[in-house]
Amino acid sequence: MARPKSDTREQLIGQLVDLFYEYGYDGTTLALITARTGLGRASIYHHFPGGKDEMAVAVLMQADAWASAHVDTLLASPLPPRERLAAYLKVIDEVQYRASQLTPANAFGIGNGLARFGGGLRERFVKRAEHLADLLVDCGVAPAVAKRRAWEAKILIEGALVCSRVVGDLALYRGVMQQLQAQLLAPDDAPGPLPAGLNLPACDP
């Protein structure tokens, strides 16, 4: 029996990314995977003996690799802070290319996905908010305000994507992204949706 091609697993991960971000962890069934990939169960389990949990880990690792290549590299670049912020928001905006697309928080943040991957998801979520807060501080925003605004940005982005998915139109999300930089860099005393002094999540020491 011929062995699968060496690049089949990487191709399969790419298809799994699309599936998990379309149907979420709970909704991505083996029947959907076989239908989308054209592979039989034996071939799928050849690459992922641990089943759907191992596939989900591969999808999350792919998300981490993307973030490292596109976000972390950008945040560490020598560009002036405001240019880094504009480039960061542009990258985040462009990765959302269809209204039905879930974010990792949506794909793994409910049901069985949350029970299995909630700890790592929380760590990723908080880490990204803290990175944005650090960038806002570099832009001249006071640290406490920067942290609050970073979480406001997370809430606005995730909420806009949910609304866009419900109505089937990314225009709501695009509109939020177009205004986001100005809101993030507003004067420190400008009001926002989150109250000052709110106990916001932080990465575990």
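Residues numbered from 1 in each chain as written. Predicted model: local features only at pLDDT ≥ 70, side-chain atom pairs only at ≥ 80, totals over all residues. Heavy atoms only, no water.

Trainee: In this structure, what is going on with the overall build of the chain? I would like to understand it.
Mentor: Each helix and strand in the chain was counted, giving nine helices and zero strands. From first element to last, N terminus to C terminus, the chain shows the α and β order α-α-α-α-α-α-α-α-α. Dimensions along the principal axes, computed over C-alpha positions, put the chain at roughly 65 × 35 × 30 Å. Counting every position in the chain, which comprises 205 residues, the buried fraction comes to 39%. Here the contacts in the chain between residues at least 6 apart in sequence split such that 71% fall between residues at least 24 apart. For the chain, the accessible surface area stands at approximately 11000 Å², while carbon and sulfur atoms represent 59% of it. For the chain, the centre of its 21 positive side-chain charges and the centre of its 22 negative side-chain charges are spaced 4 Å apart. (Helix = DSSP H or I, 4+ residues; strand = E, 2+ residues; numbered from the N terminus. Buried < 20%, exposed > 50% of the residue type's maximum accessible area, 1.4 Å probe, protein only. Contact = heavy atoms within 4.5 Å. Areas by Shrake-Rupley, 256 points an atom, 1.4 Å probe, with all protein chains shown as cover. Lys, Arg positive; Asp, Glu negative; His and termini not counted. Charge placed at Lys NZ, Arg CZ, Asp CG, Glu CD.)

Trainee: Please clarify how the environment of Ser-100 should be interpreted in this entry.
Mentor: Note on placement: Ser-100 falls in the loop between α5 (81–94) and α6 (104–108). According to the relative accessible area criterion, Ser-100 is partly exposed, its value standing at 35%. For the pair Ser-100 and Ser-164, spaced 64 residues apart in sequence, the C-alpha separation works out to 8.0 Å. Ignoring anything within four residues of it in the chain, the contact list for Ser-100 reads Tyr-21, Glu-22 and Arg-165.

Trainee: Explain the layout of surface pockets to me, please; I cannot follow it from the model alone.
Mentor: Taken as a whole, the largest pocket encloses approximately 900 Å³ of empty space. Around the largest pocket sit 36 residues that line it, and Tyr-21, Ala-63, Trp-66, Ala-67 and Pro-104 are the ones nearest its centre. Where the lining of the largest pocket is concerned, the elements lending two or more residues are α1 (8–27), α4 (51–75), α5, α6, α7 (111–138) and α8 (143–167). (1 Å grid on protein atoms, 1.4 Å probe; cavity = no way out; pocket = protein on both sides within 12 Å on 5 of 7 lines; lining within 4 Å. Points joined across faces, edges and corners; volume = space filled by probe spheres on them.)

Trainee: Which parts of the structure should I look at to understand the packing of α4 against α5?
Mentor: Between two packed helices, what matters for the description is the angle formed by their axes and the separation of those axes. For the pair α4 and α5, interaxial distance at closest approach is 9 Å and the crossing angle is 165 degrees. Judged on the interaxial angle alone, α5 and α4 are roughly antiparallel. Where α4 crosses over α5, the two elements pack in a sense that is left-handed. The segment α4 lies against α5, with Trp-66, His-70, Val-71, Leu-74 and Leu-75 engaging Arg-84, Ala-87, Tyr-88, Val-91 and Ile-92. Of the residues assigned to the contact of α4 with α5, the class counts are eight nonpolar, one polar and one charged. (Axes fitted to C-alpha atoms, helices over the stretch in contact; angles between N-to-C directions. Parallel < 35°, antiparallel > 145°, perpendicular 65-115°, else oblique. Left-handed = near helix turned anticlockwise from the far one by under 90°. Nonpolar A, V, L, I, M, F, W, Y, C, P; charged D, E, K, R; others polar.)

Trainee: Please explain α5 as it appears in this structure.
Mentor: In an α-helix, one turn spans 3.6 residues, which is why side chains three or four residues apart end up on the same side. Compared with an ideal rise of 1.5 Å per residue, which puts 14 residues at 20 Å, α5 spans 20 Å between its outermost C-alpha atoms and is within 8% of the ideal. Along α5, the positions that sit buried rather than exposed are Arg-84, Leu-85, Tyr-88, Leu-89, Val-91, Ile-92 and Asp-93. The secondary structure elements touched by the buried residues of α5 are α4, α7, α8 and α9 (171–184). (Expected span 1.5 Å × (residues − 1).)

Trainee: When you look at the pattern of salt bridges in this model, what are you seeing that I'm missing?
Mentor: Any two side chains of opposite charge can pair, on the condition that their charged atoms come close. Counted by the stated rule, this structure contains nine salt bridges. Where Arg-116 meets Asp-53, a salt bridge forms, and the shortest distance between an N and an O atom there is 3.2 Å. One end of the pair, Arg-116, is in helix α7; the other, Asp-53, is in helix α4, and 63 residues separate them in sequence. On the basis of relative accessible area, Asp-53 is assigned to the partly exposed category, the value being 31%. (Salt bridge = Lys/Arg side-chain N within 4 Å of Asp/Glu carboxyl O.)

Trainee: How should the nonpolar core be read in this particular structure?
Mentor: What tends to happen in soluble globular proteins is that the nonpolar side chains get buried as a cluster. If you look at the biggest cluster of nonpolar residues, it comprises 28 residues, and the most contacted ones within it are Leu-85, Tyr-88, Leu-136 and Tyr-173. Breaking this core down by element, the ones donating at least two residues are α4, α5, α7, α8 and α9. Ranked by residues supplied to this core, first place goes to α8 with seven residues. Each residue touching Tyr-88, except ones within four places of it in the same chain, is listed here: Val-71, Leu-74, Leu-75, Arg-128, Leu-132 and Leu-135. With 22 residues, the next largest nonpolar core counts Leu-12, Val-17, Phe-20 and Ala-58 among its residues. (Core = buried A, V, L, I, M, F, W, Y, C linked by side-chain atoms within 4.5 Å.)

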